[in-house]
Amino acid sequence: MEKGKVRCVKADVSCVVIIVFNSAAHAVECVSLLDGVNNSRLLGLVHHNNEHAIFIYRHRRMAITGDDVTLDDIIPISYDFSVVEVSSPDEWAVLGADTRVRVTYLAEELELRLPFGSQARLFLSEVNRAWSDACEQYPEVKPKFDWLAKYRKVSKGARSLRKSLPSLTSRSSVMSQSKRSEKSHTDDKQEQKSRGDVLQESQDRARADVRDELIRSGQPVLSNKDQMLGMPQFGLRDNLIKCELLRNEDAYTYIQNYSFFLGTYNVKGQNPKESLGPWLGSISNPPDFYLVGFQELDLSKEAFLFNDTPKEPEWMLAVYKGLHPDAKYALVKLVRLVGIMLVMYVKAEHAAHISEVEAESVGTGVMGRMGNKGAVALRFRFHNSDICVVNSHLAAHTEEFERRNQDFKDICRRMQFGQQDPALPPLTIVKHNVVLWLGDLNYRISDLDVEHVKDLIAKKDFETLYNHDQLKRQMDEEAVFVGFTEGEIDFQPTYKYDTGSDQWDTSEKCRVPAWCDRILWRGKNVKQHRYESHMSLKSSDHKPVSSLLEIGIKMVNEESYKRKFEEIVRHIDRLENDCIPSVSVSQSEFHFKDVKYMQHQVQTVTVCNEGQVPCQFEFIQKLDEPAYCKPWLTANPAKGFLAQGASVDIDLEVFVNRSTAPGLNSGQQQLEDILILHLERGKDYFISITGSYLPSCFGSSLSTLCLLRDPIQDMNLDTIRDLTVKSKSQRSDSEPQEIPKEIWMMVDHLFRYAKKQEDLFQQPGLRTEFQEIRDCLDTGSLDTLPGSNHSVAEALLLFLDALPEPVVPFSFYQRCLDSCSDSSQCRQIISVLPQCHTNVFNYLTAFIQELLKHSAHNRLDINILASVFAGLLLRSPTKQDLAEKRKAKEFFQHFLALSPSDGGMHDELCG
């Protein structure tokens with residue numbers, strides 16, 4: 001049998017489960033859920049030969065493979081099926097997260113609690129669509145569900161989840177939420193109909209255009225409107241209505257103010273030793289929202305390496321206890337990346353008006369990915385306003401303000417939230433009505449010595465001090481946080497104190513006090529009432545900061561909305577068949593010159609709607625290709641809507657990364673592609689993309705680089721291609737180098753200048769310096785590498801990460817894991833690697849041993865270095881799970897213990 005495809009939707013649960021169905025069937029959507037007895041389940045919508053069924057799986061807490069899940073039940077989707085939401089707003093507000101639905105088939109019923117969020121809503125829409133399709137085919141095509149027989153045989157718990165109903169439930173699942181509420185009082189009568197009446201009713205309804213009826217009904221209410229604007233189940237007509245509704249939003253919305261309490265606290269890995277009430281409960285009236293961010297929640301290596309910490313529930317409990325006692329709050333969402341955590345509470349009465357909650361994280365630590373620095377973010381829709389909240393921890397140290405600027409830009413660029421329609425482009429931070437940014441931004445006070453700063457603080461001359469604040473200066477220069485606002489600071493710096501006191505840092509470093517902990521915002525209708533620190537909390541070397549904001553939220557006037565909705569529908573009815581959409585494209589050919597590894601190039605094409613009606617555009621994939629463009633190319637936005645006379649600038653972005661560089665370096669692929677811009681009900685436009693790529697040592701194989709005596713950009717592409725072929729066949733006219741000269745240059749630089757460097761391989765470098773290092777390695781233009789020690793160290797890690805075949809080849813990966821507890825077997829495996837791979841492994845191991853000799857200065861140990869390098873030298877051919885990470889680390893640790901025979905490898909190769 002052909003293995004079916006599966007798409008899992010991330011849900012608000014403690015584990016992620018992936019299932020592969022061993023049949024021609026495949027899952028359209030998967031979502032984790034809870035049933036009525038609080039047992040965790042996985043719910044999948046499977047289709048086979050135009051028939052659909054819901055598969056219900058029981059799974060382990062940490063399910064990884066198909067062996068970790070057990071088929072519990074199967075529910076066919078036919079005209080005898082329905083799914084109805086049964087949650088009440090009051091109940092939902094108390095739960096704060098879940099949605100209850102009742103699934104019925106014939107006379108059987110199953111009640112489920114689905115995690116709150118767009119994934120669950122999208123899953124329900126797909127189920128409703130499958131039911132609608134089944135009804136449309138009846139009675140011409142009667143489902144048989146023969147293909148379910150073999151699955152029922154292996155279902156161990158089938159029917160164990162259901163309870164009998166006295167009669168059949170009404171088939172109202174594809175109706176809008178407003179239709180459901182209107183028809184709920186008729187359910188009892190419908191349940192008393194005869195079997196024939198029910199089937200006839202299903203047949204009649206199937207022949208109607210259900211989706212068109214929903215649009216033409218003209219009976220929208222607020223809850224239905226929110227769903228309609230976000231859900232992807234409609235076609236072009238409905239998207240045009242959505243576009244026009246959004247464009248005319250001012251006609252049916254008004255502003256109402258709500259209070260938001262924002263708090264940030266760097267807790268320095270401490271446990272919650274004191275009440276957070278003086279911080280979280282410091283205002284007289286309970287706020288409508290709490291958005292509380294922490295940094296350095298856990299400083300242990302386990303939290304850094306495995307993103308797991310027991311301190312999360314401890315601080316969660318401390319936050320809950322510290323909330324204002326005069327209101328009842330519901331937990332909406334928590335998101336954490338290593339020690340950066342953001343938690344959102346809302347008054348229970350507001351919970352029913354929150355939708356589209358999404359959480360994401362971005363690491364900006366070493367290699368731009370590690371989570372010791374970075375950000376977590378939540379986005380949600382409250383009534384008719386979209387809000388994004390970011391909690392970030394940026395790079396440390398006074399002189400690293402440029403790195404902080406880079407971290408901010410990386411977070412803004414990489415933080416993307418999926419939309420309810422997965423085909424729509426993701427939302428970035430700035431694509432929200434209001435953005436709230438808090439955290440330990442780590443900007444310091446410059447150009448003043450510590451005593452002068454303390455003297456100004458004693459005089460409460462915060463204005464003079466603020467003029468030397470790095471964040472203020474960078475914002476004034478529009479280098480960072482452009483468009484953001486920060487309230488006036490009239491409190492003393494929140495960093496750095498001796499832990500457990502209000503005394504400034506008395507350690508040897510004697511840090512200059514600074515306003516590291518900040519809260520900013522972007523958007524309209526935002527007013528700050530309070531911005532303060534809370535000196536009474538002494539657990540950390542930081543003081544917590546809070547801001548009380550009054551934010552104007554867009555509310556919907558239902559009568560005005562109904563009138564505008566009907567007006568738009570009538571207008572589109574008149575125009576729909578009169579005109580064919582037409583656009584003009586500013587340019588049809590683009591050439592990207594001298595594209596380099598990990599360096600963005602962007603060109604813009606402008607698309608203008610010259611037709612008489614709004615139009616929908618989308619880049620579509622070519623025949624037999626998996627995506628609309630090559631993996632090194634992105635069009636943003638890739639689809640959208642254009643009102644009559646409107647235009648859109650589409651960024652065509654070229655970016656070569658570790659996955660696309662190998663083919664381009666070897667000459668097997670070129671920067672060539674053709675984009676097809678498709679208009680719904682219109683013609684296609686073709687955009688040609690070409691480019692010249694400068695080959696790089698990053699993304700080239702070790703065996704090829706060992707054959708390159710000259711810098712890679714001094715070689716012509718044909719020569720590189722020939723050497724790549726020879727390296728694979730292990731035949732060459734010339735003697736290869738023992739190790740690539742590029743690795744030697746980076747390691748030699750670090751050996752000479754960075755053996756005593758603090759936090760080496762833990763603190764990231766600058767992006768601009770990495771580009772200079774890359775160019776130097778690729779062109780041989782300098783004898784010594786430019787940039788800081790941290791930038792060279794990060795370049796080495798990026799080089800290893802980009803290797804098409806890691807230092808320990810993929811074919812040896814499983815053998816290494818199996819032998820991780822036996823030192824002699826580990827060394828035996830390394831000895832039989834291809835020669836250049838063995839040389840590089842031994843060379844890097846010798847260098848790491850040299851670093852360990854200076855651990856008193858560089859603060860490195862075997863645990864840290866093994867964790868950093870094991871995942872690069874011993875990469876998995878697939879995604880590496882937690883157990884594999886631990887085994888890879890254990891394998892590499894065998895090579896780092898110093899012995900009398902060690903220590904000469906580095907000197908020998910350097911010579």
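Thresholds applied
Residues numbered from 1 in each chain as written. Predicted model: local features only at pLDDT ≥ 70, side-chain atom pairs only at ≥ 80, totals over all residues. Heavy atoms only, no water. Helix = DSSP H or I, 4+ residues; strand = E, 2+ residues; numbered from the N terminus. Contact = heavy atoms within 4.5 Å. Areas by Shrake-Rupley, 256 points an atom, 1.4 Å probe, with all protein chains shown as cover. Salt bridge = Lys/Arg side-chain N within 4 Å of Asp/Glu carboxyl O. Buried < 20%, exposed > 50% of the residue type's maximum accessible area, 1.4 Å probe, protein only. Core = buried A, V, L, I, M, F, W, Y, C linked by side-chain atoms within 4.5 Å. Polar contact = N/O pair within 3.5 Å; in protein donor to acceptor, adjacent residues only side chain to side chain. Pairing = 2+ DSSP bridges. Axes fitted to C-alpha atoms, helices over the stretch in contact; angles between N-to-C directions. Arc of directions from axis to C-beta. Phe/Tyr/Trp six-rings, centres within 6.5 Å; stacked < 30°, edge-to-face > 60°. Parallel < 35°, antiparallel > 145°, perpendicular 65-115°, else oblique. Left-handed = near helix turned anticlockwise from the far one by under 90°. Nonpolar A, V, L, I, M, F, W, Y, C, P; charged D, E, K, R; others polar.

## Some points on the overall build of the protein
Of regular secondary structure, the protein possesses 30 helices and 30 strands. Pairs at least 24 apart in sequence give 70% of the contacts found in the protein among residues at least 6 apart. Surface accessibility of the protein: about 39,100 Å² in total, with carbon and sulfur atoms responsible for 47%.

## Remarks on the pattern of salt bridges
Under the criterion given, the structure shown has 30 salt bridges. The closest approach of N and O atoms between Asp476 and Lys472, which form a salt bridge, is 2.8 Å. Highlighted residues: Asp476 and Lys472, both in helix 16 (residues 470-476), separated by four residues, approximately one helical turn. As a salt-bridge pair, Lys596 and Asp775 come within 3.2 Å of each other at their nearest N and O atoms. You can see Lys596 sitting in the loop between strand 23 (589-595) and strand 24 (601-609) and its partner Asp775 sitting in helix 22 (residues 767-779), a full 179 residues away along the chain. A relative accessible area of 21% means that Asp775 is categorised as partly exposed. Ionic contacts of the salt-bridge type, sharing partners, join the residues Glu356, Arg379, Arg381 and Asp386 into one network.

## Details of the nonpolar core
Burial of nonpolar side chains together is a common tendency in soluble globular proteins. The biggest cluster of nonpolar side chains holds 105 residues, and the ones touching the most others in it are Leu652, Phe761, Phe799 and Phe869. Those residues in contact with Leu652 that lie beyond four places of it in its chain are Phe590, Phe592, Gln601, Val602, Gln603, Val605, Thr634, Ala635, Leu675, Ile687 and Ile689. In this structure, Phe289, Ala303, Ile519 and Leu549 belong to the second largest nonpolar core, which totals 49 residues.

## Some words on the side chain of Ser539
Structurally, Ser539 can be placed in the loop between strand 20 (526-533) and strand 21 (545-556). We classify Ser539 as buried; its relative accessible area is 8%. Engagement of the side chain of Ser539 in a polar contact is seen with the side chain of Glu274, the distance being 2.8 Å. Those residues in contact with Ser539 that sit more than four places away from it in its chain are Tyr265, Gln270, Lys273, Glu274 and Thr499.

## Points about unusual backbone geometry
Of the consecutive residues Tyr495 and Lys496, the connecting peptide bond is found in the cis state with omega at 5 degrees. Tracing the backbone through its elements, the reader meets Lys496 in the loop between helix 16 and strand 19 (517-523). A cis geometry characterises the amide bond from Asn636 onward to Pro637, with omega recorded as 0 degrees. As for its position among the elements, Pro637 is in the loop between strand 26 (633-636) and strand 27 (639-642). The backbone of Cys510 shows a phi angle near 45 degrees, a positive value even though the residue is not glycine.

## Brief notes about the pairing of strand 21
Of all 12 residues in strand 21, 11 are buried, a share of seventy percent or more. One ladder, built from 12 bridges, connects strand 9 (residues 253-266) with strand 21; its direction is antiparallel. In the sheet register, Thr264 faces strand 21, and the bridge partner there is Val545. Across seven bridges, the pairing between strand 20 and strand 21 is antiparallel. Considered in strand 21, the bridge of Ser533 is made with Val545.

## Focus: the environment of Lys460
If you trace the backbone, Lys460 turns up in the loop between helix 14 (450-458) and helix 15 (462-466). Under the relative-accessibility criterion, Lys460 is labelled exposed at 61%. Sequence-wise, Lys460 and Gln492 are 32 residues apart; in three dimensions their C-alpha atoms are separated by 7.5 Å.

## Quick look at the sheet that holds strand 25 (residues 615-620)
The sheet built from five strands is open, its strands ordered 23-30-29-25-27 with mixed pairing. Lying at the two open borders of the sheet, with one neighbouring strand each, are strand 23 and strand 27. For this sheet, the mean angle separating the axes of adjacent strands, direction not counted, is 20 degrees. Both strand 25 and strand 27 contribute to a ladder of four bridges, which runs antiparallel. What sits directly across from Gln616, in strand 27, is Phe641.

## Thoughts on helix 14
Of the positions making up helix 14, those classed as buried are Val450, Val453, Leu456 and Ile457. One face of helix 14 carries all of its buried residues, which in axial projection span an arc of 125 degrees. Exposed side of helix 14, more than 90 degrees from the buried face: Glu451 and Ala458 are the residues found there. Buried residues along helix 14 sit against helix 15. Of the residues that open helix 14, the one with a side-chain oxygen 3.1 Å from the backbone nitrogen of Glu451 is Asp449. One or two positions beyond helix 14, positive phi appears at Lys460, with a value near 55 degrees.

## Thoughts on the pairing of strand 25
Looking at chain direction, strand 25 and strand 29 (residues 671-679) are connected through four bridges and run antiparallel. For Phe619, the partnering residue across the bridge sits in strand 29 and is Leu677.

## Quick look at the sheet that holds strand 13 (residues 354-363)
Pairing is mixed in the open sheet, where five strands are placed in the order 13-14-15-18-19. Each of the sheet's edge strands pairs with one partner strand only, and the pair in question is strand 13 and strand 19. Mean inter-strand twist for the sheet, computed between neighbouring axes without regard to direction, equals 15 degrees. Sheet topology places strand 15 (residues 385-393) next to strand 18 (residues 434-440); seven bridges connect them, and they run parallel.

## Brief notes about the packing of aromatic side chains
For any pair of aromatic rings, the description consists of the separation of the ring centres together with the inter-plane angle of the planes. For the coordinates displayed, the defined rule picks out 33 aromatic pairs. Taking the centre distance of 5.8 Å and the plane angle of 20 degrees together, the rings of Phe289 and Phe380 count as stacked. Linking Phe289 in strand 10 (residues 289-295) with Phe380 in strand 14 (residues 374-382), this pair joins segments that are 91 residues apart in sequence. Of the two residues examined, Phe289 and Phe380, each falls in the buried class. Ring centres 4.1 Å apart and planes at 35 degrees place the aromatic pair Phe408 and Phe481 in the tilted group. Of this pair, Phe408 sits in helix 13 (residues 401-414) while Phe481 is found in the loop between helix 16 and strand 19, placing the two residues 73 residues apart along the sequence.

## Examining helix 25 (residues 823-831)
Given 3.6 residues per turn, any residue in an α-helix points the same way as the ones three and four places further on. Among the residues of helix 25, those classed as buried are Cys826, Ile829 and Ile830. Here the buried residues of helix 25 occupy an arc of 100 degrees about the axis, which is enough to place them on one side. Considering only its buried residues, helix 25 is in contact with helix 24 (813-818), helix 26 (835-853) and helix 29 (882-893).

## Observations concerning the packing of helix 28 (residues 862-873) against helix 29
At their nearest, the axes of helix 28 and helix 29 sit 8 Å apart, and the two run at 110 degrees to each other. Accordingly, the angle class assigned to the pair helix 28 and helix 29 is roughly perpendicular. Read as a crossing pair, helix 28 and helix 29 show a hand that is right-handed. Residues Ile862, Asn863, Leu865, Ala866, Ser867, Phe869, Ala870 and Leu873 of helix 28 form the contact with helix 29, whose participating residues are Ala888, Lys889, Phe892 and Gln893. Class assignment for the residues of the contact of helix 28 with helix 29 results in eight nonpolar, three polar and one charged.

## A word on the environment of Val545
Tracing the sequence through the fold places Val545 in strand 21. Residues Val545 and Ile519, 26 residues apart in the sequence, show an inter-C-alpha distance of 8.0 Å. Discounting residues that sit within four places of it in the chain, Val545 has contacts with Leu262, Gly263, Thr264, Trp279, Phe491, Thr494, Asp517, Ile519, Tyr531, Glu532, Ser533 and His534.

## A word on the side chain of Ser533
Looking at the element boundaries, Ser533 is found in strand 20. Under the relative-accessibility criterion, Ser533 is labelled buried at 14%. Those residues in contact with Ser533 that sit more than four places away from it in its chain are Phe491, Gln492, Thr494, Pro544 and Val545.

## Points about the packing of helix 22 against helix 23 (residues 789-802)
The contact between helix 22 and helix 23 brings their axes to 9 Å, and the two run at 65 degrees. As for how helix 22 packs across helix 23, the hand of that crossing is right-handed. Touching Glu769, Phe770 and Ile773 of helix 22 are Ser791, Val792, Ala795 and Leu798, all from helix 23. Broken down by class, the residue content of the contact of helix 22 with helix 23 amounts to five nonpolar, one polar and one charged.

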